[in-house]
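# Reading the structure
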Amino acid sequence: MRVHIVREPADRYSIDLLERNYRLRHKIFVDMQGWEAIRRPDERDIDAFDTADSTHLLLLDDGELVGGSRFTPLDKPNLLQTVFSDLVQGEFPASPSLGADWTRFYVRSDRREGRRRAPESAALFCAMMEYALFEGYSFITFVSTIYMLEHGVSVGWHITPLGAPAMIDGKPTIAAWIEVSEQALDNVRRVTRQPAPMLALRGLTRRSPQPPAIIRH
Amino acid sequence: MNADLMSTIEALQQQTDSAGILEIMYDAIEDYGFERFIISGLPDRGVDVRPFVLLSGWNDEWYERYTSLGYVHLDPVARNCFSTTLPFDWSDAPFDREADLPARRVMDEARDFGMDEGFCVPIHMEGGMQGVVSLVGDTSELDDKSRLELHMLALYAHGQLRFLNTRRTDLAPRRAITSREGEVLKWVAAGKTASEIAAITGLSQRTVNQHCENAQKRLGTNNRVHTVVEAIRHKLIAL
């Protein structure tokens, strides 16, 4: 398994991968999880935040797309501060330029079966922390059911709510931020037993202009 | 967002052992009218629950009885965790009082131990693993907001305990230098020469140098300064 970073300008392979990502997302979020609000007749899940500003982390196993996630810088238009702004009552821990909004996390459902901690989501968790450190982010925001709090904390992440939980479509939902640190990466790698880097960062330039966050040990 | 809950959540994530979490949980649930609690994984049918228990804030006698007699497999509250993702009152866990005598026995005995009411938070982990955070106490005054807050609190506590459990098993073999080497490195870090360290510790100067060289080898460093820096960085010595 490896995680492929896709963002503009994308090469041909990445464009094809992104297309598969949109179709798989529609299958998972609309058909299976019932997010009717984003249903599209062309069966591609593309919203207002799939823009040149966003970065996609796509998990491939033997060339097959099995999972993904999207990051949108918080100083650019993002899902958290538009669609879910009601869930945010607290302050960000740092300037929005030091954070990104994490959305559309998924693992293909046939990869979630059986009694095990799925290596697919572990790989994506590791990759997202690697990526955030690479970009020099100091925090990652997300909106999710509150069950994510348990998953994140159990891999050694420090997670702080941005507001009170609320029931959305019958599900307890929260906005929160995850602290980005070397410690957080060490923890998730150790807990999920995936010590090797998941991302091929060579040749990739950092998106944000400011220096990387101070690496803490 | 409730300020007390925010500080409880922060405190839970700062804890490095389950004793700390026990104290915080007792304090936190008291504000919602609960007295005792348990945090545990739920084993497959017939499997002993004891290795799955993350933290018990139960009465010892009841804990002993419940775990040794396999009550987890009879208890309708535990059973109901498999059929819902949302928290529920114990009294809402369905069972047939007439036909399901073992379940009735567990519920009746719990009542004898003063545990007739409670609030149960099922925890669904990845890969179908099932856990539970169960609070003992009266739920009649609990509003929706409090229920949601307790749900969150339970998720944080369960997550932190799981994290500490994996850390406990992984950390032990990682100690890279001996305590004697650590002691010598601390004096090096304080600017002492080998002869001064020898005088302070009562070791010979040769032994002091030997300790430094051994630590250097273990840490794969190039010289004394580098060794001290790495030892501090990996928190092998504290200044």
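Residues numbered from 1 in each chain as written. Chains lettered and ligands numbered in written order. Predicted model: local features only at pLDDT ≥ 70, side-chain atom pairs only at ≥ 80, totals over all residues.

### Side note on the overall build of chain B
Counting its secondary structure elements, chain B contains 10 helices and five strands. Taken against the 2.2 N^0.38 rule, which gives 18 Å for 239 residues, the C-alpha radius of gyration of chain B at 25 Å runs more than 25% over that of a compact globule. For chain B, buried positions account for 36% of its 239 residues. In chain B, 61% of the contacts between residues at least 6 apart in sequence involve partners at least 24 apart. (Helix = DSSP H or I, 4+ residues; strand = E, 2+ residues; numbered from the N terminus. Rg over C-alpha atoms; globule rule 2.2 N^0.38 Å. Buried ≥ 20, exposed ≤ 12 C-beta atoms within 10 Å, placed from the backbone. Contact = placed C-beta atoms within 7 Å.)

### Side note on the pairing of strand E3 (residues 64–73) of chain A
Residues and elements named next belong to chain A. For E3, the buried fraction is high: eight of the 10 residues fall into the buried class. In terms of strand pairing, strand E2 (residues 55–61) meets E3 through seven bridges, oriented antiparallel. Across the sheet, histidine 56 pairs through a bridge with arginine 70, a residue of E3. Two successive antiparallel strands, E2 and E3, enclose a turn made up of two residues, where aspartate 62 displays a positive phi of approximately 55 degrees. Where E3 and strand E4 (residues 99–107) come together, six bridges link them in antiparallel fashion. (Pairing = 2+ DSSP bridges.)

### What about the interface of chain A and chain B?
Taken together, the 26 residues of chain A in the interface contact 22 residues of chain B. When residues of the side of chain A that touches chain B are traced back to their parent elements, those giving at least two are helix H3 (147–154) and helix H4 (182–192) of chain A. The biggest single contributor to the side of chain A that touches chain B is H3(A), with six residues. Here the residues of the side of chain A that touches chain B are counted per class, giving 11 nonpolar, 10 polar and five charged. (Nonpolar A, V, L, I, M, F, W, Y, C, P; charged D, E, K, R; others polar.)

### Some words on the packing of helix H8 (residues 194–201) of chain B against helix H9 (residues 205–219) of chain B
Residues and elements named next belong to chain B. Two elements in contact, H8 and H9, have axes whose closest approach is 8 Å; the angle formed by their N-to-C orientations is 110 degrees. By the angle between their directions, the pair H8 and H9 is classed as roughly perpendicular. On the side of H8, the interface is formed by Ala194, Ser195, Ile197 and Ala198, while H9 contributes Gln205, Val208 and Asn209. Partitioning the contact of H8 with H9 into residue classes produces four nonpolar, three polar and no charged. (Axes fitted to C-alpha atoms, helices over the stretch in contact; angles between N-to-C directions. Parallel < 35°, antiparallel > 145°, perpendicular 65-115°, else oblique.)

### Considerations on the nonpolar core
In this structure, Ile140(A) and Ala157(B) are the most contacted members of the largest nonpolar core, which totals 99 residues. Looking at which element gives the most residues to this core, the answer is helix H2 (residues 119–135) of chain A, with 10 residues. When sequence neighbours within four positions are dropped, the list of residues in contact with Ile140(A) reads Gly99(A), Ala100(A), Trp102(A), Ala132(A), Trp177(A), Ile178(A) and Val180(A). The next biggest cluster of nonpolar side chains, apart from the first, holds 14 residues, and it includes Ile177(B), Val188(B), Ile197(B) and Ala215(B). (Core = buried A, V, L, I, M, F, W, Y, C linked by C-beta atoms within 7 Å.)

### A look at unusual backbone geometry
Residue and element names in this part refer to chain A. We note that glutamate 43 has phi near 55 degrees; this positive angle belongs to a residue other than glycine. Structurally, the position occupied by glutamate 43 is in the loop between helix H1 (12–32) and E2. With 12 C-beta atoms packed within 10 Å, glutamate 43 lands in the exposed category. Phi at arginine 104 is positive, roughly 50 degrees, even though this residue is not glycine. Arginine 104 gets classed as buried once you count the C-beta atoms within 10 Å, which come to 21.

### Digging into the domain arrangement of chain B
Under the domain assignment used here, chain B contains domain 1 (3–172) and domain 2 (175–233). Computed from C-alpha coordinates alone, the two centres of domain 1 of chain B and domain 2 of chain B are separated by 48 Å. (Domains from an automatic or database assignment.)

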